[in-house]
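# Results of the structural survey
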Amino acid sequence: MSLTSQQKQHFDEQGYLILHGLFSAQEAQYYREHYMALRQQGSKPGDFSGVDLSSQDPLKKYPRMIHMHRWDKISLDWLLDRRIAAALTSLTGAEPYATQTMIYYKPPGGRGQALHQDQFYLRVQPGTCVAAWMALDACDEENGCLRVVPGSHNWPLLCTVKADTTQSFTDVTVPIPEGTPVTPVLMQAGDVLFFSGQVVHGSGPNHSTDRFRRSLIGHYATGDAQQIARYYHPVLRMDGSAVELDTSQGGGACGIWVEHDGAPVIEITGVEGITGRTE
Ligand SMILES: O=C(O)CCC(=O)C(=O)O
């Protein structure tokens, strides 16, 4: 599959690109059924807080699953799918390495995930990480679609602050200057959003009463990577063979917004003490 020069230009300039219909509606339905059946089976490897079918918190009934490709062949095949491999190779200039799968169920009433940068977690060096985020349901602002800050792929890693956990199931976020555009990404089931590891993104709660917002997510390291955070090992080539990367450390310098001549700019004055365990 080859991308047009406009598509590549959009990714280069904005840090993200949607490929509409990269997977068919039937494929999306297949994945929905597969992951709903897996969740109904109860706790799975990688569940941090377990599954509680009697909980009032929708996210405790349907917590996300992580790293399913390590034990589920369907997830592994999706992570390495040739359409995703071709798109990522075209967008980043080299075949990437595959490192993570996640499925978010986000049922009605479920909280979202506060704005963040994936590279904060993956710590890919050199280069960065890149995500393939596939909608399994139509998503819009009502059911908590993904939101991205266009152009933020050119920002360094920002220092994190506490997130509002009434709205987000994660507890850290990155501040952005007031008035910074945050674009809702409207997608149909089967569409795939590709975005670079520094892109600030997140999602709000699912305010609908009856619509899930399920998404299947792959995380990759760009082909020049030599290190990645410990949690993301083992790393795979796109043919499924294992590749040895070193382990990068968390923490380090991070950026803080300051005002210069009346405009917000990022100054690298902070030091990140913590690194999240997961993304
Ligand atoms: O799907 C969401 O709401 C957030 C997902 C996300 O932040 C990610 O894939 O990195």
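Read on for an overview of the structure. (Residues numbered from 1 in each chain as written. Predicted model: local features only at pLDDT ≥ 70, side-chain atom pairs only at ≥ 80, totals over all residues. Heavy atoms only, no water.)

## Re the pattern of salt bridges
According to the stated counting rule, one finds eight salt bridges in the structure shown. Three or more residues joined by partner-sharing salt bridges are found here, namely Glu-27, Asp-81 and Arg-83. (Salt bridge = Lys/Arg side-chain N within 4 Å of Asp/Glu carboxyl O.)

## Remarks on the pairing of strand E3 (residues 97–104)
The element E3 is extensively covered by neighbouring structure, given that eight of its eight residues are classed as buried. With two bridges connecting them, strand E2 (residues 65–66) and E3 associate as antiparallel partners. Within the sheet, the bridge partner assigned to Met-65 lies in E3 and is Ile-103. The pairing of E3 with strand E12 (residues 215–221) spans seven bridges and is classified as antiparallel. (Buried < 20%, exposed > 50% of the residue type's maximum accessible area, 1.4 Å probe, protein only. Helix = DSSP H or I, 4+ residues; strand = E, 2+ residues; numbered from the N terminus. Pairing = 2+ DSSP bridges.)

## Describing the packing of aromatic side chains
By the definition in use, this model includes eight aromatic pairs. Plain terms: the ring middles of Tyr-231 and Tyr-232 are 5.1 Å apart, the flat faces sit at 90 degrees to each other, and that makes the pair edge-to-face. Members of the aromatic cluster, connected to one another through ring pairs, are Phe-23, Tyr-30 and Tyr-31. Looking at Arg-83, its charged tip hangs above the ring of Phe-23, at a distance of 3.9 Å from the centre. (Phe/Tyr/Trp six-rings, centres within 6.5 Å; stacked < 30°, edge-to-face > 60°. Lys NZ or Arg CZ within 6 Å of the ring centre and 35° of its normal.)

## Section: the state of the cysteines
Taken as a whole and judged by the stated rule, the model has one disulfide. The disulfide bridge from Cys-159 ends at Cys-254, spanning 2.0 Å between sulfur atoms. Because the sign of the S-S torsion sets the handedness, a value of about 95 degrees for the bond joining Cys-159 and Cys-254 places this disulfide among the right-handed ones. Taken as a pair, Cys-159 in the loop between strand E6 (146–148) and strand E7 (161–162) and Cys-254 in strand E17 (residues 252–260) lie far apart in primary sequence, 95 residues in all. The exposure classification of Cys-159 matches that of Cys-254, with both residues buried. Lacking any disulfide linkage, Cys-139 is separated from the closest cysteine sulfur, that of Cys-145, by 6.5 Å. Here Cys-139 falls in the buried class, since its relative accessible area comes to 3%. (Disulfide = S-S within 2.5 Å.)

## Points about the sheet that holds strand E9 (residues 183–184)
If you walk across this open sheet you meet the four strands as E4-E11-E6-E9, and the pairing is antiparallel. With one partner strand each, in any of the chains shown, strand E4 (113–116) and E9 form the two edges of the open sheet.

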